[in-house]
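# Residue-level structure breakdown
Given next are the chains, with one letter for each unit.
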Amino acid sequence: MSLAERIWNKDQLNAITSFGGNILVSAAAGSGKTAVLVERVIRMLTDEQNPVDADRLLIVTFTRLAAAEMRSRINAELSRLVSENPKDSRLSRQLLLMERAHIGTIHSFCSEVVRENTSLLGLMPDPSIADEDEAADISFSALEETIEKFYSEGDETFSELSETLGGGRSDSGLSEAVLTLYNFISSLPHYEEWLSEKLLMYKNFSDAKSSVWGKILFKNAAEVLKYHLSRAEYMAEECEKQLCEKYAAMFRDDVFVLRRLLESCEKDSWDEFGRMLSAVSFMKKPTVKDADELLKGKVSAVREEYSASKGDIRGNLATDFSVSEEEFREDCDALFRYFECLSKVTLEYDRLFKELKKEKRLVDYTDLEQFTLSVLTEKNEKGEYVPSQVAKDISSRFDYILIDECQDINKVQDTIFRTVSKGDNLFFVGDVKQSIYR
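Here the structure is a predicted model, which means the values were calculated and not measured.

## With respect to the pairing of strand β9 (residues 426–430)
With respect to burial, β9 is a largely interior element, 5 of its 5 residues being buried. The side-chain alternation of β9 yields two buried faces, one formed by Leu 426, Phe 428 and Gly 430 and the other by Phe 427 and Val 429. Where strand β1 (residues 23–26) lies against β9, 4 bridges are found, and the strand directions are parallel. In the strand pairing of β9, Ser 26 is matched with Gly 430. Relative to β9, strand β8 (residues 400–404) runs parallel, the two being bridged by 4 bridges. Considered in β9, the bridge of Leu 402 is made with Phe 427.

Below you can see the structure in the form of structure tokens.
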């Protein structure tokens, strides 16, 4: 079936015809998102009032196969239109311009940017892409050299970190931690600054409650307490309705205790709330012989969730706040030293890894992304990253940027395309449920 014969549903038609800003289309597998993307492109190329030339579009897909299919489907639809309208010179021109159309993968785009700017990057012209085995061998050498370097320097914190991660038996724990951190930060823009920012999280707080982790723990505690408070209030009313005063009195007492805990969570310090949790006690469940068996089971189930020694409050929350604020600060100080050291080791590994690849005139896919970003961005006088002249030049080449399978792009890739966009000419389509970076 050609696109001309296809009947579009309301959502598909909206995705095809919407303009006037950046657009994100969430579409599940099998919903026809590729067909929608092709139709959107065709309508842009054939628009009578605001036509766009085929070589003024940047169309990005996730795989080479998908890029080839996209090009083939657009060509097929244009060829059909040309055969139906042989005198339409504009249609014929678009078919010719498809030879120069920018339809490819993220890394083919990055590769082109890098090859055009090797001198800016300090690279030899026309570097090759390292295959998996080559990259793995170079990575192993860089990691081995990095670890030997830090051992030779006799850094006490490094020795402690190595001991902590490896238990003194081998460096495998340390190596794994370095590679895990490297693989994570390499998908982030300007990752050295990101590491510095995260490092300050261990220092920049006035008290435990206002720290990043304190905010998370107190928010979670408040949500847990509100949940169990609502359950206890409901059960108190339910027991009153069924004329079971002993159970009702127990739940009313629980409501009082839970409200005090919630008030402490919202107003008190880390230590004060911790003391409240450690000292909390709930009334012993009374024996009620003549109560309905269904009610008995419900009472036991609801109460067990928060009053048991291993329940949400006496167990989980009490454990979260079992250390004092002083101990929390000591832990943060220790973690600061370890994370600072791990960051240094990881960045040194990153430096050596790049250096060894450069000697062999090789780059990997991570390099392509990071090199592209470094060429496309620069800092202004306020210390903010803004598009460089290279980015502005690339931006001027394209009227629209369309990105398929956008759920699979990382933050570096997203930043790259936002940097070369005009601010309102991006079209993303993908399946949120399949996101690998959710």
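## A short note on helix α16 (residues 325–359)
Its 35 residues place the ends of α16 50 Å apart at the C-alpha level, agreeing with the 51 Å of an ideal helix rising 1.5 Å per residue. Directly beyond the C-terminal end of α16, a positive phi value near 55 degrees is found at Arg 361.

## Some remarks on the packing of aromatic side chains
Counted under the stated rule, the structure contains 18 aromatic pairs. The interplanar angle of 70 degrees and the centroid separation of 5.0 Å between the aromatic rings of Phe 218 and Phe 321 together place this pair among those described as edge-to-face. Of this pair, Phe 218 sits in helix α11 (residues 212–241) while Phe 321 sits in the loop between α15 (312–320) and α16, and the two are 103 residues apart along the sequence. Three or more aromatic residues joined by ring pairs form one cluster here, namely Phe 205, Phe 218, Trp 270, Phe 273, Phe 321 and Phe 328. One cation-aromatic arrangement involves Lys 149 over Phe 150; the distance from NZ or CZ to the ring centre is 5.2 Å.

## Digging into the state of the cysteines
In protein chemistry, a disulfide is the covalent bond that joins the sulfur atoms of two cysteines. Taken as a whole, this structure holds 0 disulfides when the rule is applied. Its sulfur unpaired, Cys 239 is 5.6 Å from the next cysteine sulfur, which belongs to Cys 244. Using a relative accessible area of 0% as the deciding quantity, one classes Cys 239 as buried. Free of any disulfide, Cys 332 has its nearest neighbouring cysteine sulfur in Cys 341, separated by 18 Å. On the basis of relative accessibility, which here comes to 4%, the residue Cys 332 falls in the buried class.

## Structural notes on a negative patch on the surface
Side chains of Asp 131, Glu 132, Asp 133, Glu 134 and Asp 137 sit close together on the surface and give a patch of like negative charge. Of note, Asp 133 is situated in helix α7 (residues 132–153).

## Regarding α7
The terminal C-alpha atoms of α7 lie 32 Å apart, and with 22 residues this matches the ideal 32 Å at 1.5 Å per residue to within 8%. Those residues of α7 hidden inside the fold are in contact with α8 (156–166), α9 (172–185), α16 and β5 (362–363). You can read the cap of α7 off the contacts: a side-chain oxygen lies 3.1 Å from the backbone nitrogen of Asp 133, and it is on Asp 131. Downstream of α7 by a residue or two, Gly 154 has a phi angle that is positive, lying close to 65 degrees.

## Focus on the packing of helix α3 (residues 64–84) against helix α4 (residues 89–97)
At their nearest, the axes of α3 and α4 sit 9 Å apart, and the two run at 155 degrees to each other. In terms of their interaxial angle, α3 and α4 are classed as roughly antiparallel. Note on packing geometry: the crossing formed by α3 with α4 is left-handed. Facing α3, whose interface residues are Asn 75, Leu 78, Ser 79, Leu 81 and Val 82, α4 presents Leu 91, Ser 92, Gln 94 and Leu 95. Across the contact of α3 with α4, the residue classes break down as 5 nonpolar, 4 polar and no charged.

## Structural notes on the nonpolar core
Core analysis: the biggest nonpolar cluster contains 40 residues, and Leu 225, Tyr 247, Phe 251 and Ile 313 have the highest contact counts within it. Not counting the four nearest positions on each side in its chain, Ile 313 is found in contact with Leu 225, His 228, Leu 258, Leu 261, Leu 277, Val 280, Phe 282, Tyr 306 and Ala 318. Core analysis: the next-biggest nonpolar cluster, separate from the first, contains 32 residues, Val 41, Ile 42, Ala 54 and Ile 59 among them.

## As for the sheet that holds β8
With respect to topology, 5 strands assemble into an open sheet ordered β1-β9-β8-β2-β3, the strand pairing being parallel. Here the strands that pair on one side only, and so sit at the sheet edges, are β1 and β3 (102–105). Put simply, the sheet's adjacent strands are angled 15 degrees from each other on average, direction ignored. The sheet strands contacting helix α5 (residues 106–116) are β2 (57–61) and β3, and the helix crosses β3 at an angle near 110 degrees. Along the sheet face, helix α19 (residues 411–419) touches β2, β8 and β9 and points at about 150 degrees away from the line of β9.

## Here's the deal with the confidence of the model for the chain
In low-pLDDT regions, the fine details of the predicted coordinates are not to be read closely. On average, the chain scores 92 in pLDDT, and the residues at 70 or more come to 97%. Element-level mean pLDDT values for the chain span from 88 in helix α1 (residues 10–17) up to 97 in helix α18 (residues 389–395).

## Description of the pattern of salt bridges
Evaluated as defined, the whole model comprises 29 salt bridges. Here Arg 80 and Glu 84 are joined by a salt bridge, their closest N and O atoms 2.7 Å apart. Remark: Glu 84 and Arg 80 occur in helix α3; sequence separation between them is 4 residues, near one turn of the helix. We classify Arg 80 as buried; its relative accessible area is 19%. You can call Glu 84 partly exposed: its relative accessible area is 48%. Of the charged contacts, one joins Glu 245 and Arg 252 as a salt bridge, the two residues approaching to 2.3 Å between their closest N and O atoms. For Glu 245, a relative accessible area of 47% gives the class partly exposed. Exposure remark for Arg 252: the relative accessible area of 34% places this residue in the partly exposed category. Taken together, the salt bridges that share partners define one network made up of Asp 53, Arg 90 and Arg 93.

What counts, and where the lines are drawn
Residues numbered from 1 in each chain as written. Predicted model: local features only at pLDDT ≥ 70, side-chain atom pairs only at ≥ 80, totals over all residues. Heavy atoms only, no water. Buried < 20%, exposed > 50% of the residue type's maximum accessible area, 1.4 Å probe, protein only. Helix = DSSP H or I, 4+ residues; strand = E, 2+ residues; numbered from the N terminus. Pairing = 2+ DSSP bridges. Expected span 1.5 Å × (residues − 1). Phe/Tyr/Trp six-rings, centres within 6.5 Å; stacked < 30°, edge-to-face > 60°. Lys NZ or Arg CZ within 6 Å of the ring centre and 35° of its normal. Disulfide = S-S within 2.5 Å. Patch = residues over 30% accessible without salt bridge, like charges linked within 9 Å, V, L, I, M, F, W, Y side chains within 5 Å. Areas by Shrake-Rupley, 256 points an atom, 1.4 Å probe, with all protein chains shown as cover. Salt bridge = Lys/Arg side-chain N within 4 Å of Asp/Glu carboxyl O. Lys, Arg positive; Asp, Glu negative; His and termini not counted. Charge placed at Lys NZ, Arg CZ, Asp CG, Glu CD. Contact = heavy atoms within 4.5 Å. Polar contact = N/O pair within 3.5 Å; in protein donor to acceptor, adjacent residues only side chain to side chain. Axes fitted to C-alpha atoms, helices over the stretch in contact; angles between N-to-C directions. Parallel < 35°, antiparallel > 145°, perpendicular 65-115°, else oblique. Left-handed = near helix turned anticlockwise from the far one by under 90°. Nonpolar A, V, L, I, M, F, W, Y, C, P; charged D, E, K, R; others polar. Core = buried A, V, L, I, M, F, W, Y, C linked by side-chain atoms within 4.5 Å. pLDDT = per-residue confidence, 0-100.

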